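Listed below are the residues making up each chain.
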Amino acid sequence: MTAEEYQAAARYWEEKDAVSVKLEQDTLRAMAEKYIQSNNTCALATGTGDYVRCTPIEYSWHDHCFWMFSEGGKKFIGLGNNPHVCLAIYDRYTGFGTLHGMQITGLAELVEPFSDTYNAHAAWKNIPLETLRRLSSPMHLIRVRPTRIECLFSDFKELGCSPRQTLLLDESEQ
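Just so you know, these numbers come straight off a predicted model, no measurement behind them.

(A) Region of interest: the packing of aromatic side chains. Using the criterion set out here, one finds seven aromatic pairs in the structure. Each ring, one from Tyr35 and one from Phe153, has its centre 5.1 Å from the other, and the planes form 55 degrees; the classification is tilted. Separated by 118 residues along the polypeptide, Tyr35 in helix H3 (residues 25-37) and Phe153 in strand S7 (residues 140-153) bring together distant segments of the chain. Owing to a relative accessible area of 8%, Tyr35 belongs among the buried residues under this scheme. In textbook terms, an aromatic cluster arises when at least three aromatic residues are bridged by ring pairs, as seen for Tyr35, Phe153 and Phe156. Arg133 extends its terminal NZ or CZ atom over the ring of Phe114, reaching a point 4.4 Å from the ring centre.

(B) Representation of the side chain of Thr55. Note that Thr55 resides in strand S2 (residues 51-58). In this view, Thr55 contacts Cys42, Ala43, Leu44 and Lys75; residues no more than four positions away in its chain are not counted.

(C) Looking closely at helix H5 (residues 116-124). Looking only at H5, the buried set comprises Tyr118, Asn119, His121 and Ala122. Down the axis of H5, the sector holding all buried residues measures 160 degrees, keeping them to one side. Those residues of H5 that are buried are in contact with strand S3 (60-62), strand S4 (65-70), strand S6 (100-111), helix H6 (129-133) and S7. At the C-terminal side of H5, Asn126 shows a positive phi close to 60 degrees.

Procedures and definitions
- Residues numbered from 1 in each chain as written.
- Predicted model: local features only at pLDDT ≥ 70, side-chain atom pairs only at ≥ 80, totals over all residues.
- Heavy atoms only, no water.
- Phe/Tyr/Trp six-rings, centres within 6.5 Å; stacked < 30°, edge-to-face > 60°.
- Helix = DSSP H or I, 4+ residues; strand = E, 2+ residues; numbered from the N terminus.
- Buried < 20%, exposed > 50% of the residue type's maximum accessible area, 1.4 Å probe, protein only.
- Lys NZ or Arg CZ within 6 Å of the ring centre and 35° of its normal.
- Contact = heavy atoms within 4.5 Å.
- Arc of directions from axis to C-beta.

Worth remembering: the numbers are spatial, not functional.
Structure representation (structure tokens):
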């Protein structure tokens, strides 16, 4: 492919979304949050320079953020140099009429171990702080503040809208 063909392919959804029927943002937000809360595992993509990593990881959703405890791993190469991340949550593909998946872009940060925020999340997960303190290496807490959620839900068509919808989030929603 030529550079122009790559660029045209990259613009495909932008051009299609520009003329699609949009769902009301509050309705979209409610449907997106319901889907996020009905799942607990995502693929977390991190990267820096020419290094990329995509890690399956358990998450929690509260306070308009994704929260992930992690012992460590190669994802921290990207997290150490680039706070921009992408998460994917999706159902097993069973046919075009039953699509459910989303891609979330956002900013990741590490929460200081045993800070008020860290302790509050441990309590939310029902993990005793003493259990975390006894670990031989620290349990890191990654918080991702989403800035954009792109949903592909077949259900949207039943509402008279495009099956692909985008929810843009700003700082005031965090």
